[in-house]
Amino acid sequence: MNTFLFRKFTPLAALLGLGITACQPDLEDDFKPNKGSADFSRYIAVGNSLTAGYGDNGLYLEGQLNSYPNLLAQQFRTAGGGEFVQPLFTEAQSNGSGYLRLTGFTAAGTPITASVPGNAGRLTPGSAPYTKVTTPINNLGVPGIRLADIHTAGYGNVQTTPLNAATFNPFFERITPDGSNQTYFQRVKAEAATATFFSSWLGNNDVLGYATTGGVGGIITRTDSFTLKNNRIINVLTANGAKGVVATLPDVTNIPFFTTVRVADIRARFKAANSALDVYIQTTGTAGAQVVRLATDADLLTLPSSAVIGTTTTGSPFPVGAGVGTGVGQSNPVPNQFVLDATEQTAVRTATTAFNNAIVTKANEKNLAIFDSNAFFARVATSGITTNGVTNTAAFISGNLFSLDGVHPTPRGYAVIANEMIRAINSKYNASVPTVNPNDYRGVRFPQ
């Protein structure tokens, strides 16, 4: 069971009201779908967890069915689109890898979540692999994959790569024949040979792993390596004349994973208990030294830190995060892996900008449609987005768009993304693909 510190809780009744569809100005009357200069007869999707439909810290059947590529394919069918095959978990294994569910709220309004066990295999290093789908598929989304990984041999071969190795991915294993050292690039190339249209949204994990571990775990991919591999994947996708849409990378510091637990709220909580206390964090100083300092409002605390801050530690008189100074024994700082400080935030944003420049440059070279997710999510973080009369925001749980892991979208969030991609496609290819009504898709599911 997990609980989260939650800076603002919208009453449940108000949240339920968000599901009510008001007027629907985004819905098209007398709309005649048209493919324009695009050909949607065989569409494939390339990407990571966002493309697979990951949400609530897991990949499971409902998320797969509401993935943005599946929604795009559904709309493409009105304009000549063909069959779209996903590597779905079966109904009997609908929990997939397992996921989080909301079980309630504390008296203070703090959300409480619990883990739903997976039932599709590969739950531990010693368990069976996830159910495999090695036939031709259209959704090639692989949770966890980085652009840096696309040429890694054995990425889905447990016979050559240990299960717990950083270069093994159990979700890629799902779509890789037993004993094959096939790379992700080769898998994509095989499907691209007959594709007429594609979407590509790769690269988020080349910076996300660093960010979500407070700069302690994971590394940011080098820009030259990122650019080279992005160019190669786009070259293979367009080799047979296919058109497509590519997405830029959002600034991850805008997502609820980094915006829900705030230093100011923790400070107020500590001082309410004892006015002498303040918030202290551990960060990486010069030459990699670990230092303790007073936290500032500019420091970002991760969502998982909420389960640690305020707990007791054997041998320390202070709860985690609290203290009266930086000397030995004067505080019990928030561990480094839960803090993204200013230097680390700069590293994340610098890499994101460089990666997006590479993505846009290559897309323009190939005359492809571009969904600027970085600009889009920045707008959402600032002012939210209204869909057919319903306002959605980037707030954790109450905002409707982000799932319980604070990183991946809800089904409604994926519907909003699909619409933004459709608008980019329609504009680029003079097409008339209808959008979906995001209000038909759920936000966070509340306990019944």
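Not measured: the values here are computed from a predicted model. (Residues numbered from 1 in each chain as written. Predicted model: local features only at pLDDT ≥ 70, side-chain atom pairs only at ≥ 80, totals over all residues. Heavy atoms only, no water.)

Undergrad: Just to check I follow, could you spell out the sheet that holds strand β11 (residues 322–323) for this structure?
TA: Each strand in a sheet pairs with its neighbour through backbone hydrogen bonds, running either in the same direction (parallel) or in the opposite one (antiparallel). Here we have 3 strands laid out as an open sheet, ordered β9-β8-β11, and antiparallel in their pairing. Only two strands of the sheet have a single neighbouring strand rather than two, namely β9 (290–294) and β11. Where strand β8 (residues 278–284) lies against β9, 5 bridges are found, and the strand directions are antiparallel. Bridge pairing links Ile281 to Arg293 in β9. Together, β8, β9 and β11 form the strand contacts of helix α10 (residues 263–273), whose direction differs from that of β8 by roughly 135°. (Pairing = 2+ DSSP bridges. Helix = DSSP H or I, 4+ residues; strand = E, 2+ residues; numbered from the N terminus. Contact = heavy atoms within 4.5 Å. Axes fitted to C-alpha atoms, helices over the stretch in contact; angles between N-to-C directions.)

Undergrad: Explain the nonpolar core to me, please; I cannot follow it from the model alone.
TA: Across soluble globular proteins, nonpolar side chains show a tendency to be buried alongside one another. Ranked by internal contacts, the top residues of the largest apolar core, which has 113 residues, are Tyr184, Phe197, Trp201, Ile233, Leu237 and Leu301. Counting residues per element, this core draws most heavily on helix α13 (residues 411–429), which supplies 9 residues. Excluding anything up to four places from it in sequence, Leu237 contacts Ile44, Val46, Val188, Ala192, Phe198, Ser200 and Ala242. (Core = buried A, V, L, I, M, F, W, Y, C linked by side-chain atoms within 4.5 Å. Buried < 20%, exposed > 50% of the residue type's maximum accessible area, 1.4 Å probe, protein only.)

Undergrad: Mind showing me how you'd approach the packing of helix α8 (residues 223–238) against helix α11 (residues 342–365) here?
TA: Helix-helix packing is characterised by the crossing angle of the two axes and by the distance between the axes. The interhelical angle for the contact between α8 and α11, taken along N-to-C directions, is 30°, at an axis separation of 10 Å. When the axes of α8 and α11 are compared, the pair comes out roughly parallel. When you trace α8 past α11, the crossing you get is right-handed. Within the contact between the two elements, α8 uses Thr223, Phe226, Thr227, Asn230, Asn231, Ile234 and Asn235 and α11 uses Ala354, Phe355, Ala358, Ile359 and Lys362. Split into classes, the residues belonging to the contact of α8 with α11 amount to 6 nonpolar, 5 polar and 1 charged. (Parallel < 35°, antiparallel > 145°, perpendicular 65-115°, else oblique. Left-handed = near helix turned anticlockwise from the far one by under 90°. Nonpolar A, V, L, I, M, F, W, Y, C, P; charged D, E, K, R; others polar.)

Undergrad: Quick question: what am I supposed to make of the side chain of Gln182 here?
TA: Within the secondary structure, Gln182 sits in the loop between α5 (170–174) and α6 (184–192). Its relative accessible area of 19% is what places Gln182 among the buried residues. Beyond its immediate stretch of four places on either side in the chain, Gln182 contacts Phe172, Ile175, Thr176, Pro177 and Arg187.

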